[in-house]
Amino acid sequence: MKGMHKIRNLMRVGRWYPAAVLTVLLCLIPACELTTEQDVDITYYEENDLSITQYIESDPENFSILSSILDTTRLGHLFRTYGDYTFLAPVNSAFESYFAETGRSSYEDFEMDELIKLIKYHIFNVRFMAGSFNMGIIESKTLTLDYMVSGPSEDGSDIFLNKSAKILARDIILPNGILHTVDKVIVKPELTIYDWLKNNEDTYSIFLEALERTGLDDMAQTMEDAEAGRRYFYTCFATPDEAFAKSNINSFEDLAAFISPGDDRYSDTANALRSFIASQFLTDIISMSDAGEEHEFFGTVGGATLKFGLIPNTAEIALNYGTLDFPDGLNIDEFSSNNLTGNGIIHVMEDMYQVTTTFERITRSFVFLDVPGLPYDSLYDYGITLWEEQGIIAKETGSNGEVGSERWLLGQWSQYWPRPGEGNHIPFERTNGWLTLNAPYSGPIKGDHHRNNEYRPVFFTFEKCDDLLDVTRKFPYIIPGKYRLIHYTKAGPERPSVKHYFDGEPIGGIINLATVGLDFQDVELGIVDIKEDQMEHYLRIQAVTVGKGFYVEIRFEPID
């Protein structure tokens, strides 16, 4: 066990030091062939250190119910093995309360699949100390591939998960993970944004009626598109009645007269009230912990631009701070925010949400393999959960092309996205539609965000093969105006020639990346003119010769 502890001293949650870690792991792996399958032989701990399962079994006074569930579902086998988990362990009284709330007498009244999902929602495939639970969405998804939010109590003495379960005992460090005990069973949110507002209608009656009258309640109720294989997730800044009242708006009629006087076609896409309500929704996923001193710009569903961050020299969070329209910003009730739903997260405004039109255009950069709502450091965990969900074990390929032993890859190789079978490709649909493959492609694709022990943005790389890569990158709303479109890339002798299309129109000529150079540098693609009514944009990159591609980011630089 000492060897494993030394390895963990080389890493932090979300940040890896690949060379040292990989070297030590190569020495350890032959001694223990591991798998996450529940029904096969597994190498167990044989030393004095207790695994997560053994720790739970050793404390029946607190965990007898959880221990029985782990045994019944056979999940207990998984948490006897080597690994890096965070386990949120409900105590017996938490289960007893949950059984009573759901009309069950014991865990035996649950279907097996339901029970497995319930437990997996309490587990992350990465270690989180209690201090990592900030005020917002937890960086890694649970083993059910769902979000969870965390946050402190107002006095800072306690930590709550999904605004319901309090952490009792923190940071129990075990050889295969970290365990925190919780006083309630943590339930995955099933309500939609609309359902949540409906359940709180007394507080949000004006906003809710506006949502319904504009027809946007359909959007607020949408969870997924089964045919497209897409799940929807929005950030909603909801204005409560008391915040409307500060602006002398006390009914839906007052709001309609203020926003769209003389136009009662509220469901028309050209209606000002509809755009106003839609502008309280983002397709980006942000929570209170994302607020920083450097304010970020986001495009709303309604086409307006939103500015989000901390008021300087304070811990207060505001929208549109420092604009000519709202120099003091619009305040957010941060402790009432971070309300997680099945299709989004709801934040509560202290001031009436309003749209500003005085933004100065700024340079906006978009890295290639970013997943909306997941910080860059979480992409490693995101890749791992994808592999686990698809039952894939990554294979290392040596410089001679031979495939090595099947095992998890760490360090700088951690971002390979293996394909589950012939004809299947990198699962871009998992990125909420922000990256799309347009044509069949047989070569390996990887993303890499830790090179030479340095923290850098995520890279999108495709290897030389017989098929031509054809990929589209989607961008959110950008403030209208002219921009110089810059591609930051690293080229080399095996790079292909490519052509580009922006919003369906050719931009620039054919670019031979082999002539650009061997270091990271900018390649100017051309000038684009963003119009008022354009809500999203697409850059298509189409290879015309075979080769390697190494893409880092696309940058929009405003032209006065």
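Engineer: Looking at this structure, how should I read the pattern of salt bridges?
Structural biologist: Side-chain pairs of opposite charge can arise where the charged atoms are in close proximity. On inspection of all chains with the given rule, the structure shows 15 salt bridges. A salt bridge links Glu553 to Arg555; the nearest nitrogen and oxygen atoms lie 3.3 Å apart. Residue Glu553 is classed as buried on the basis of its relative accessible area, which comes to 14%. Given a relative accessible area of 12%, Arg555 falls into the buried group. Where salt bridges share partners, they join Asp522, Glu553, Arg555 and Glu557 into one cluster.

Engineer: Which parts of the structure should I look at to understand the sheet that holds strand β6 (residues 165-166)?
Structural biologist: Backbone hydrogen bonds hold the strands of a sheet together, and the pairing may be parallel or antiparallel. In spatial order, the strands read β3-β4-β5-β6; together these 4 strands make up an open sheet with antiparallel pairing. Unpaired on one side and paired on the other, β3 (136-137) and β6 mark the two borders of the sheet. Pairing between strand β4 (residues 149-152) and strand β5 (residues 159-161): 3 bridges, direction antiparallel. Within β5, the residue paired with Gly151 across the bridge is Phe160.

Engineer: What is the right way to read the sheet that holds strand β1 (residues 85-90) from this model?
Structural biologist: The sheet built from 4 strands is open, its strands ordered β2-β1-β8-β7 with mixed pairing. Because the sheet does not close on itself, it has two edges, and the strands there are β2 (123-124) and β7 (172-174). The sheet contact formed by β7 and strand β8 (residues 177-182) spans 3 bridges and is antiparallel. Residue pairing for β8: Ile172 is matched across the bridge by Leu179.

Engineer: How should I be thinking about helix α4 (residues 60-73) in this particular structure?
Structural biologist: Counting along an α-helix, one turn takes 3.6 residues, and residues three or four places apart therefore face a common direction. At Leu66, α4 shows its largest bend, some 30°. When we look at burial in α4, the residues that qualify are Phe63, Ile65, Leu66, Ser67, Ile69, Leu70 and Thr73. Where α4 is buried, its residues contact α3 (52-57), α5 (75-78), β1, α6 (92-101), α7 (112-120) and β8. Two residues or fewer after α4 comes Arg74, characterised by a positive phi angle close to 65°.

Engineer: Mind showing me how you'd approach the pairing of strand β30 (residues 537-543) here?
Structural biologist: Two faces make up the sheet, and in a regular strand the side chains alternate between them. Of all 7 residues in β30, 5 are buried, a share of seventy percent or more. As defined by bridge partners, strand β25 (residues 470-475) adjoins β30 across 6 bridges and the pair is classed as antiparallel. Each bridged residue has a counterpart across the sheet, and for Asp470 the counterpart in β30 is Gln542.

Engineer: Got a minute to help me understand the packing of aromatic side chains in this structure?
Structural biologist: A ring pair, where both rings are aromatic, is described by two values, the distance of the centres and the angle of the planes. Counting across every chain of the model gives 18 aromatic pairs. Aromatic pair Phe99 and Phe110: ring centres 5.9 Å apart, planes at 55°, arrangement tilted. Within this pair, whereas Phe99 is found in helix α6, its partner Phe110 is found in the loop between α6 and α7, the two being separated by 11 residues in sequence. Here the two residues Phe99 and Phe110 agree in accessibility, since each one is buried. Following the ring pairs from residue to residue traces out a cluster consisting of Phe95, Tyr98, Phe99 and Phe110. Over the face of the ring belonging to Phe110 we find Arg104, whose NZ or CZ atom lies 4.0 Å from the ring centre. Directly above the ring of Tyr147 sits Lys141, whose terminal nitrogen or CZ lies 4.8 Å from the centroid.

Engineer: Just checking my understanding: could you explain the pairing of strand β13 (residues 296-299) for this structure?
Structural biologist: One ladder, built from 4 bridges, connects β13 with strand β14 (residues 305-310); its direction is antiparallel. Residue pairing for β14: Gly299 is matched across the bridge by Thr305. Linkage of β13 to β14, two consecutive antiparallel strands, is achieved through a turn of 5 residues, within which Gly303 is found at a positive phi near 95°.

Engineer: I would appreciate a short explanation of the nonpolar core in the present structure.
Structural biologist: In a soluble, globular protein the nonpolar side chains are often hidden away together inside. The biggest cluster of nonpolar side chains holds 49 residues, and the ones touching the most others in it are Leu197, Phe237, Leu255, Leu273, Phe281, Phe308 and Leu319. Residue contributions to this core peak at 5 residues, all from helix α9 (residues 205-213). For Leu197, the contacting residues outside a window of four places in its chain are Tyr204, Phe207, Leu208, Leu211 and Ala238. Listed in part, the 30 residues of the second largest apolar core include Leu78, Ala94, Ile116 and Ile172.

Engineer: Whenever I open this one, α9 confuses me. Can you help?
Structural biologist: Inspection of α9 places Ile206, Phe207, Leu208, Ala210 and Leu211 among the buried residues, and these make up the whole buried set. Of the residues one or two after α9, Gly215 is the one with positive phi, at around 80°.

Engineer: Sorry if this is basic, but what is going on with unusual backbone geometry here?
Structural biologist: Across residues other than glycine, the phi torsion is negative in most instances, and most of the peptide bonds are trans. Positive phi, normally seen in glycine, also occurs at Asn248, with a value near 60°. Position of Asn248 relative to the elements: it lies in the loop between α11 (241-246) and α12 (252-259).

Engineer: Sorry, what's going on with the side chain of Asn339 here?
Structural biologist: Note that Asn339 resides in strand β17 (residues 339-341). Residue class for Asn339 comes out buried when judged on its relative accessible area of 9%. Not counting residues within four places of it along the chain, the set of residues in contact with Asn339 comprises Lys163, Trp196, Gly344, Ile345, Ile346 and Val348.

Engineer: Can you help me understand a negative patch on the surface in this one?
Structural biologist: A cluster of acidic side chains, namely Glu139, Asp290, Glu294 and Glu296, defines a negative patch on the protein surface. Turning to its location among the elements, Glu294 is positioned in the loop between β12 (281-282) and β13. What makes Glu294 exposed here is its relative accessible area of 70%.

Engineer: I keep staring at the environment of Ser275 and nothing clicks. Help me out?
Structural biologist: Inspection of the secondary structure assignment puts Ser275 in helix α13 (residues 272-278). Classification of Ser275 by relative accessible area gives partly exposed; the value is 25%. For the pair Ser275 and Ala304, spaced 29 residues apart in sequence, the C-alpha separation works out to 8.3 Å.

Engineer: Would you explain the packing of α4 against α7 in this entry?
Structural biologist: The angle between the axes and the distance between the axes are what describe a pair of packed helices. For the pair α4 and α7, interaxial distance at closest approach is 10 Å and the crossing angle is 125°. Put simply, α4 runs oblique to α7. Where α4 crosses over α7, the two elements pack in a sense that is left-handed. Residue-level contacts link Leu66, Ile69, Leu70, Thr72 and Thr73 of α4 to Met112, Leu115, Ile116 and Ile119 of α7. For the contact of α4 with α7, the residue count by class is 7 nonpolar, 2 polar and no charged.

So, how was this worked out
- Residues numbered from 1 in each chain as written.
- Predicted model: local features only at pLDDT ≥ 70, side-chain atom pairs only at ≥ 80, totals over all residues.
- Heavy atoms only, no water.
- Salt bridge = Lys/Arg side-chain N within 4 Å of Asp/Glu carboxyl O.
- Buried < 20%, exposed > 50% of the residue type's maximum accessible area, 1.4 Å probe, protein only.
- Pairing = 2+ DSSP bridges.
- Helix = DSSP H or I, 4+ residues; strand = E, 2+ residues; numbered from the N terminus.
- Bend = angle between axes of the 7 residues up to and from the residue.
- Contact = heavy atoms within 4.5 Å.
- Phe/Tyr/Trp six-rings, centres within 6.5 Å; stacked < 30°, edge-to-face > 60°.
- Lys NZ or Arg CZ within 6 Å of the ring centre and 35° of its normal.
- Core = buried A, V, L, I, M, F, W, Y, C linked by side-chain atoms within 4.5 Å.
- Patch = residues over 30% accessible without salt bridge, like charges linked within 9 Å, V, L, I, M, F, W, Y side chains within 5 Å.
- Areas by Shrake-Rupley, 256 points an atom, 1.4 Å probe, with all protein chains shown as cover.
- Lys, Arg positive; Asp, Glu negative; His and termini not counted.
- Charge placed at Lys NZ, Arg CZ, Asp CG, Glu CD.
- Axes fitted to C-alpha atoms, helices over the stretch in contact; angles between N-to-C directions.
- Parallel < 35°, antiparallel > 145°, perpendicular 65-115°, else oblique.
- Left-handed = near helix turned anticlockwise from the far one by under 90°.
- Nonpolar A, V, L, I, M, F, W, Y, C, P; charged D, E, K, R; others polar.

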